[in-house]
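Geometric and topological summary
Listed here are the chains, written in short residue letters.
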Amino acid sequence: MSRPIVISGPSGTGKSTLLKKLFAEYPDKFGFSVSNTTRNPRAGEVDGKDYHFTSVEDFKKAIEENKFIEWAQFSGNYYGTSIKAVKDVADQGKTCLLDIDMQGVKSVKKTDLNARYLFLSPPSIETLRERLEGRGTETQDSIEKRIAAATAELEYSKTGAHDRIIVNDDLEKAYLEFKDFIVNGN
Ligand SMILES: Nc1ncnc2c1ncn2[C@@H]1O[C@H](COP(=O)(O)OP(=O)(O)OP(=O)(O)O)[C@@H](O)[C@H]1O
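One structure accompanies this document, and this report is about it. Everything quoted here is computed from the prediction, not taken from an experiment. (Residues numbered from 1 in each chain as written. Predicted model: local features only at pLDDT ≥ 70, side-chain atom pairs only at ≥ 80, totals over all residues. Heavy atoms only, no water.)

Things to note about the sheet that holds strand 2 (residues 30–31)
Test applied: Pairing between strands is defined by DSSP: at least two bridges between the two strands are required. Each helix is a run of H or I in the DSSP string that is no shorter than four residues. Each strand is a run of E no shorter than two, and both are numbered from the N terminus. The contact criterion used throughout is that any non-hydrogen atoms of two residues lie within 4.5 Å. Here an angle of 0 to 180 degrees is reported between the N-to-C directions of two axes, which are lines fitted to C-alpha atoms, with helices fitted over the stretch in contact.
The strand order across the open sheet built from five strands is 2-7-1-8-9, with neighbouring strands paired in parallel fashion. At either end of the open sheet lies a strand with only one pairing partner, and these are strand 2 and strand 9 (164–167). Against the sheet, helix 1 (residues 15–25) makes contact with strand 1 (5–8), strand 2, strand 7 (95–99) and strand 8 (116–121), and its axis sits at roughly 160 degrees relative to strand 7, the strand it touches most.

Re the packing of aromatic side chains
Condition: Two rings belonging to Phe, Tyr or Trp (six-membered ring only in the last case) form a pair when the distance between their centres is within 6.5 Å. Interplanar angles under 30 degrees mark stacking, angles over 60 mark edge-to-face geometry, and anything in between is tilted. Each residue's exposure class comes from its accessible area (1.4 Å probe, protein chains only) as a fraction of the maximum for that residue type: buried when under 20%, exposed when over 50%, partly exposed otherwise.
This model, assessed by the stated rule, comprises eight aromatic pairs. Seen from their ring centres, F74 and Y79 are 5.6 Å apart, and the 55 degrees between their planes marks the pair as tilted. Classification of F74 by relative accessible area gives partly exposed; the value is 49%. Put simply, the rings of Y51, F53, F74 and Y79 pair up and form one aromatic cluster.

What about the pairing of strand 8?
The buried fraction of strand 8 amounts to six of the six residues, a majority that puts the element mostly inside the structure. Judged by which residues are buried, strand 8 turns out to be covered on both faces: R116, L118 and L120 on one side and Y117, F119 and S121 on the other are all buried. Pairing of strand 1 with strand 8 involves four bridges; the strand directions are parallel. The partner of I7 across the bridge, within strand 8, is L118. In terms of strand pairing, strand 8 meets strand 9 through four bridges, oriented parallel. Residue L118 lies in a different strand from strand 9, and its bridge partner there is R164.

As structure tokens, this is what we get:
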């Protein structure tokens, strides 16, 4: 059974960029878990593939039974990542990658998933701000919130909670280190 890999780091550090490169190079080796949601399926969405579509009653029961690593409510619907959904990826012969924040990391640590933890760090808070501004997807308010959260994430990374910390300065160099941890386990 391959161990799940938890990838965390402040918003804008480059997690999506590196994951995209990894999936392009290894299309079949990795997978993401399928989330649960209480919202209705949209046209074309397949239960168990796009989401595990779940009733509110079942979702609340699963929360009570601690079946979720994390869950949240957005515009009246529940969304969550279950421990089982992560295990299902390994059962399909793939390594599950989890892109989650600090709270999620803490939750995974309380489960029996035996994950490996990678923290992706920006070279500095200033660089992070430039990347968030450069990405052009955030309002000023959202950037400030992300910078505040980033400060807490960086503090947490100093506690030894992660197996590996990679600084995303030069993208190609960071990708080689990222691959070395994820693919070769170093
Ligand atoms: N090494 C790098 N040097 C310069 N720019 C980079 C580097 N890595 C990523 N970027 C750029 O920084 C921006 C943020 O990267 P990305 O969207 O991958 O972050 P993220 O960690 O996935 O954020 P979120 O958690 O908000 O999804 C993007 O515009 C990306 O192109």
